[in-house]
Amino acid sequence: MKRILLIVGGGIAAYKAAELIRLLKTRGYAVRCVMTEAAHHFVTPMTLAALSEDKVYTTLWDLKDEAEMGHIQLSREADLIVVAPATADLMARMTAGLANDLATTLLLATDKPVLVAPAMNVRMWGHAATARNVAQLRADGVTVMTPDEGIMACGEYGPGRLPEPPAIVAAIEATLAPAPPKRLAGRHVLVTAGPTHEPIDPVRYIANRSSGKQGFAIAAALARLGARVTLVAGPVMLPTPHGVDRIDVETAREMADAVDRVLPADAAVMVAAVADWHVEPSQQKIKKGDATPTLTLAENPDILATLARSPHRPRLLIGFAAETERVIEHAVAKRVRKTADWIVANDVSGDVMGGADNSVHLVTEAGVESWERLPKDAVAARLAERIADALEAAS
Ligand SMILES: Cc1cc2nc3c(=O)[nH]c(=O)nc-3n(C[C@H](O)[C@H](O)[C@H](O)COP(=O)(O)O)c2cc1C
């Protein structure tokens, strides 16, 4: 029997914890609850105790429980810790590593997997501080679910609702599923991600809209399969995925140098949106009163094509193609022109750049596979498995 330690935070959605416990119990899980002090304002310990058929833990300062080191014992006796609803406050305290009540103390003291189901007002969810905390928690290896969108208790509309209890149960089951086999153990994979910035003068640069999310997700997925991953990242505001070595660069030429230095690699996934051109930057800021400047563009090194010709060419070389028209046709031509093994093509005329989802076409020697629109994490997981298939077949 799997044992869930459910931490209930102080938000309106705390009442849904009751339904979550009921669903988990009918599926045969043992559930033990911890409530924050604020959670008592929304749901009673009696309700949670009756549904979980266990004592509910509410304080760090219980002489009897703490005589047995209750906060350590609680996590030791769980297979998974679930925080639902996770308030903005709880996530902030988790991110900072605070341990100022029973919930956060046991979260800091645990080595068990942690799943977080946030619920809060739409603006609290959209606040930069919460976004930063969610990104950091994910980088720390915590699974943070994306809240649902809809009408909220406060009457507003938007993302921030607690995911429905059946969705939380599905996420619990996925988290408890055995870790994927380390199919890429012993392999080195290079991933590039993000945009490049090409300076015009000390304060201005030419950039593009790449967010780096897809490349970072691919680096994370490869690391989960056991690969040693080197991520060469252009300027992005993303935390480094767990277990990934990261090299930060700014320009295309810096990226080319970094790629050259990290070789050899068994596979390379070139996701970065590398600027095709640069300008010779002015040493001083160009003043507005001067004559309107003309930018003379010079070509940047073609990192993918250079890698294809390199004596250190990885066994599997994968390029990305961001297109706004005739996506597949351009990708098929790019695969041949660059002599890459695969091209992953995506149509970036919509909301892909910076968005959470992607719909891609995988172009290989065997033909074109069009994948359904998926979260970028899911695209990454599928691609990582395909990379493992290809490297296993080649060795
Ligand atoms: C009526 C009411 C509803 C609240 N709902 C939420 C909520 O849904 N999400 C949230 O993050 N905070 C919510 N808060 C604020 C939290 O209760 C507050 O930040 C509290 O300190 C959280 O404590 P905890 O993180 O220890 O549970 C609400 C507060 C009130 C008074």
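Residues numbered from 1 in each chain as written. Predicted model: local features only at pLDDT ≥ 70, side-chain atom pairs only at ≥ 80, totals over all residues. Heavy atoms only, no water.

Some words on the side chain of T36
As for its position among the elements, T36 is in the loop between β2 (30-35) and α2 (45-52). The exposure class assigned to T36 is buried, which follows from its relative accessible area of 5%. Here T36 is in contact with V8, G9, G10, L90, D101 and A103, once residues within four sequence places are set aside. (Helix = DSSP H or I, 4+ residues; strand = E, 2+ residues; numbered from the N terminus. Buried < 20%, exposed > 50% of the residue type's maximum accessible area, 1.4 Å probe, protein only. Contact = heavy atoms within 4.5 Å.)

A closer look at the pairing of strand β18 (residues 342-347)
β18 sits mainly inside the fold: 5 of its 6 residues count as buried. Pairing geometry for strand β17 (residues 316-323) and β18, over 6 bridges, is parallel. By the bridge assignment for β18, G319 is matched with I343. Note that the unit made of β17, helix α13 (residues 327-338) and β18 has a crossover that is right-handed. As judged from the 4 bridges shared by β18 and strand β20 (residues 360-364), these two strands associate in the antiparallel manner. Looking at the pairing, I343 lines up with V363 of β20. (Pairing = 2+ DSSP bridges. Right-handed = clockwise from strand over helix to strand, strands pointing away.)

Section: the environment of R132
The topology assignment puts R132 in helix α8 (residues 128-139). A residue is classified by how much of its surface remains accessible, and R132, at 57% relative accessible area, is exposed. Between the alpha carbons of R132 and A92 there is a distance of 9.2 Å; along the sequence they are 40 residues apart.

Overview of the sheet that holds strand β12 (residues 228-233)
Pairing is mixed in the open sheet, where 8 strands are placed in the order β13-β12-β9-β14-β17-β18-β20-β21. Looking at the sheet topology across the chains shown, the edges are occupied by β13 (244-248) and β21 (367-370). Geometrically, the sheet is characterised by an average inter-axis angle of 15° between neighbouring strands, direction not taken into account. Running at roughly 175° to strand β9 (residues 188-193), helix α11 (residues 252-262) makes contact with β9, β12, β13 and β14 (267-270) of the sheet. (Axes fitted to C-alpha atoms, helices over the stretch in contact; angles between N-to-C directions.)

Here we look at the UniProt feature "active site" (unreviewed entry) in the protein
Sites flagged by UniProt as "active site" (unreviewed entry) map to C154. Its location among the elements puts C154 in the loop between β7 (148-151) and β8 (157-161). (UniProt positions renumbered as here; feature names shortened; annotations may be inferred.)

Here's the deal with α11
Those residues of α11 that sit buried are A252, M255, A256, A258, V259 and V262. End-on, the buried residues of α11 take up no more than an arc of 165°, which puts them together on one face. Facing away from the buried side of α11, by more than 90 degrees, are the exposed residues D260 and R261. (Arc of directions from axis to C-beta.)

Brief notes about the site of the ligand
Near the ligand you find 15 residues, and of these G10, T36, T87, D89 and R93 are the closest. A distance of 2.6 Å is found between an oxygen atom of the ligand and a backbone nitrogen or oxygen belonging to G10. Here an oxygen atom of the ligand sits 2.8 Å away from a polar atom, N or O, in the main chain of A88. In isolation the ligand has 640 Å² of accessible area, and contact with the protein removes 63% of it. Take the shell around the ligand: its biggest share by element is 4 residues, from helix α5 (residues 88-96). Here the shell around the ligand is composed, by residue class, of 8 nonpolar, 5 polar and 2 charged. (Near = heavy atom within 4 Å. Polar contact = N/O pair within 3.5 Å; in protein donor to acceptor, adjacent residues only side chain to side chain. Areas by Shrake-Rupley, 256 points an atom, 1.4 Å probe, with all protein chains shown as cover. Nonpolar A, V, L, I, M, F, W, Y, C, P; charged D, E, K, R; others polar.)

Describing the UniProt feature "binding site: CTP" (unreviewed entry) in the protein
According to UniProt, the feature "binding site: CTP" (unreviewed entry) maps to D276, K285, P301, D302, I303, L304, F320, K334 and K338 in the numbering used here. Spanning 63 residues, the annotated positions stay apart in the fold, the maximum distance between their C-alpha atoms being 37.6 Å. Among the structural elements, P301 can be located in the loop between β16 (297-299) and α12 (303-309). On the basis of relative accessibility, which here comes to 34%, the residue P301 falls in the partly exposed class. In this structure P301 touches R253 and A256, once residues within four positions along its chain are discounted. Here F320 lies in strand β17.

Examining the sheet that holds strand β3 (residues 56-57)
Sheet architecture is open: 6 strands sit in the order β3-β2-β1-β4-β5-β6, paired in parallel fashion. Strand pairing shows two members of the sheet lacking a second neighbour, β3 and β6 (143-144), which therefore form its edges. Here 6 bridges tie strand β1 (residues 3-8) to β2, and the two strands are oriented parallel to one another. The partner of I7 across the bridge, within β2, is V34. On top of the sheet, helix α1 (residues 15-26) reaches β1, β2 and β4 (80-86); it is set at about 175° to β1, its chief contact.

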